[in-house]
Amino acid sequence: LDLDNGLAAPVYRRVPRVYERNGLAFARRSLAPDGVLAVWSADRSEAFEDSMAACGFAWRGVEVSVRGDDDGPWHTIYLAQRIAETPGIGTALVA
């Protein structure tokens, strides 16, 4: 999903719902058993990472260069899979 710049530098006045816990919980319920949620963000967000973990996602952030080289700037693509049927359990790892 590419919805906005992310939590650190939003373009829209109202942050897209997927960045909030209710939106993440909906996305988690909507995933197929082995499905992956991918969310693009201009910057890493500790608050978003904490929300993903609290909603029962195992996740990792993949840093990608905007220009496709090693000079940056860098953006983050979050990859998340559900790990538990009960929200509140999460880690910062995705196999």
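For the structure, check the block above.
Below you will find a few notes about this structure. What you see is a predicted model, and the numbers here were worked out from it, not measured in a lab. (Residues numbered from 1 in each chain as written. Predicted model: local features only at pLDDT ≥ 70, side-chain atom pairs only at ≥ 80, totals over all residues. Heavy atoms only, no water.)

Re the overall build of the chain
Stated formally: By the criteria applied, helices consist of DSSP H or I runs no shorter than four residues and strands consist of E runs no shorter than two, each listed in order from the N terminus. Residues count as neighbours in contact if any of their non-hydrogen atoms are within 4.5 Å of one another. With residues, only the protein chains shown are counted as cover, and all accessible areas are computed by Shrake-Rupley using a 1.4 Å probe.
The secondary structure content of the chain amounts to two helices and three strands. The N-to-C order of helical and strand elements in the chain reads α-β-α-β-β. Taking as baseline every contact in the chain between residues at least 6 positions apart, the subset at least 24 positions apart corresponds to 60%. Accessible surface, the chain: about 5,700 Å² in total, of which carbon and sulfur atoms supply 53%.

A closer look at the packing of aromatic side chains
Our working definition: A pair of Phe, Tyr and Trp rings is counted when the ring centres sit within 6.5 Å of each other, with Trp represented by its six-membered ring. The angle between the planes then sorts it: under 30 degrees is stacked, over 60 is edge-to-face, the rest tilted. Burial classification: accessible surface area is computed with a 1.4 Å probe over protein chains only, and a residue below 20% of its type maximum counts as buried, one above 50% as exposed, and the rest as partly exposed.
Taken as a whole, this structure holds two aromatic pairs when the rule is applied. Relative to Y78, the ring of F48 has its centre 5.1 Å away and its plane inclined at 70°; by these criteria the two rings are edge-to-face. Of this pair, F48 sits in helix α2 (residues 46-54) while Y78 sits in strand β3 (residues 74-82), and the two are 30 residues apart along the sequence. The same class applies to F48 as to Y78, namely buried. Exposure remark for Y78: the relative accessible area of 1% places this residue in the buried category. Taken together, the aromatic side chains of F48, W59 and Y78 make up a single cluster linked through ring pairs.

Observations concerning α2
Within α2 the residues assigned to the buried category are F48, E49, S51, M52 and A53. The elements touched by buried residues of α2 are α1 (21-30), β1 (37-41), β2 (57-65) and β3. Of the residues flanking the end of α2, it is G56, one or two places downstream, whose phi is positive at about 90°.

What to know about the environment of L37
Mapped onto the elements, L37 comes out in strand β1. A relative accessible area of 9% means that L37 is categorised as buried. Sequence separation between L37 and A80 is 43 residues, and the spatial gap between their C-alpha atoms is 5.1 Å.

Considering the nonpolar core
Which entries qualify depends on this criterion: Here, the term nonpolar core denotes a set of buried Ala, Val, Leu, Ile, Met, Phe, Trp, Tyr and Cys residues that are joined through side-chain atoms within 4.5 Å.
Ranked by internal contacts, the top residues of the largest apolar core, which has 15 residues, are L24, L37, F48, M52 and F57. Of the residues forming this core, the biggest block, three residues, is contributed by α2.

Let's talk about the sheet that holds β2
In a beta sheet, neighbouring strands pair by backbone hydrogen bonds and run either parallel or antiparallel. Counted only if it meets this: Paired strands, in this sense, are two strands between which DSSP finds at least two bridges. Angular values range over 0 to 180 degrees, each being the angle between N-to-C directions of two axes fitted as lines to C-alpha atoms, with helices fitted over their stretch in contact.
Taken in spatial order, the three strands of this open sheet run β1-β3-β2, and their pairing is antiparallel. Single-partner strands in this sheet number two, and they are β1 and β2. Each strand of the sheet is rotated relative to its neighbour by a mean of 20°, with strand direction disregarded. Where β1 meets β3, five bridges bridge the pair, whose relative direction is antiparallel. Note on β3: the bridge partner recorded for A38 is L79. Running at roughly 105° to β2, α1 makes contact with β1, β2 and β3 of the sheet. Across the sheet, α2 lies against β1, β2 and β3, angled at about 150° from β2, the strand it touches most.

By themselves, these are just geometric observations and shouldn't be taken as functional.
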